[in-house]
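# Results of the structural survey
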Amino acid sequence: MNVKQKILLTSLIAGHFVILVLGVFYRFVDGDEGGYLVVSKEVINGRIPILDINAHNQPLLYYFYGAWMKLFGFNIVAARSLSAAAVFAAGLLLIYWVYKFSKNYRTVVIAYLIFITNLTFYKVNISVKPFPLSNLFIFASFVVLTSRYLSGNLTRNSTLFFSGMLLGTAMGIRLIFILPILFVTWLVAVMYKERISAIEIMKRVSLFCLGVIIPILPSILIFIKEPLRAYAIWAGAYAQVYFGKGNNPDFATNVLKDMKHDMMINGFIDVIKTPDTAFLFLLVLVSFVLFVIKWRQGMDSIK
């Protein structure tokens, strides 16, 4: 990149930072942000999620925000600053990954502009919720794997273990079971294509999975100790709200009654109607079509 390009990119990064800072102070307050603040404070001061206090997300979420607020103060601005830092770091990772993948300055600028102007992403990820940290660690895990693949170092033990740790940390914040399945499927496909033996593939996938498991050990131990309570709070809350079934202590049975169907349909329509979301749907569709068309060239030609 020349000097002018570096100045423009630096300006975009600075602009993103300013937008996030404004969001920390002026974004409207969600009701559940208060719940996350309270639980995080209680957890960092010694109470154990699920066992001692209802905590509807995974334990690492509360330890991250609790430790951060222990340093910077127990208030919504301090907590949101961690969310903003996570979103800002994800943006820098995006710049790194796109440039490494494309070697094209314009592609980097376009991708970063889409990232920082996505109002839906901004609205969700600036608040005290599991999304900003979870998204950061998921993307970081993806960046580690794909960057190493492009460099020819994918099968290094340190790469696989570190990427697994990042993904496991994301799951220790917000439990998404399909994530390791997707990552492992991609790993197996890539290593098979490179004619690595089945035994070696199993060893390396096992190392990646070990990295995933370590950060979610607190969740596993809590589930082993109180399986019914953990299920009722982690999964039952959503089943109870949307289907009227379950025994979560925070919700009255069938709390939404006849409103469930309309609420879900209207919510889905509202998401689709949001301009930046609609644009992203189109972008994903176009990029998928281009990916299929150029499948034979794929990442190997870049590598």
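Relevant structure appears above.
Below, the discussion takes up the overall build of the protein. In terms of helices and strands, the protein carries 16 helices and 0 strands. For the protein, buried positions account for 39% of its 303 residues. Within the protein, contacts between residues separated by at least 24 positions form 68% of all contacts whose residues are at least 6 apart in sequence. Taken as a whole, the protein presents about 17200 Å² of accessible surface, with 70% of it coming from carbon and sulfur.

Before going further, it helps to spend a moment on the side chain of Lys129. On the secondary structure map, Lys129 appears in the loop between helix H6 (119-125) and helix H7 (131-151). The exposure class of Lys129 is buried, given its relative accessible area of 14%. Those residues within four positions of Lys129 in sequence are excluded, and the remaining contacts are Asp30, Asp32, Tyr36, Leu61 and Tyr65.

Before going further, it helps to examine the pattern of salt bridges. Enumeration according to the criterion identifies 8 salt bridges in this entry. Arg80 is the salt-bridge partner of Glu33, the closest N and O atoms lying 2.9 Å from each other. One end of the pair, Glu33, is in helix H2 (residues 31-44); the other, Arg80, is in helix H4 (residues 76-102), and 47 residues separate them in sequence. The two residues Glu33 and Arg80 agree in class, both being buried. The residue Lys203 makes a salt bridge to Glu200 at a minimum N-O spacing of 3.7 Å. Of this pair, Lys203 and Glu200 both sit in helix H10 (residues 198-213), separated by 3 residues, roughly a single helical turn. Linked by salt bridges that have partners in common, Arg27, Asp30, Asp32, Glu33, Arg80 and Lys129 make up one network.

About the thresholds
Residues numbered from 1 in each chain as written. Predicted model: local features only at pLDDT ≥ 70, side-chain atom pairs only at ≥ 80, totals over all residues. Heavy atoms only, no water. Helix = DSSP H or I, 4+ residues; strand = E, 2+ residues; numbered from the N terminus. Buried < 20%, exposed > 50% of the residue type's maximum accessible area, 1.4 Å probe, protein only. Contact = heavy atoms within 4.5 Å. Areas by Shrake-Rupley, 256 points an atom, 1.4 Å probe, with all protein chains shown as cover. Salt bridge = Lys/Arg side-chain N within 4 Å of Asp/Glu carboxyl O.

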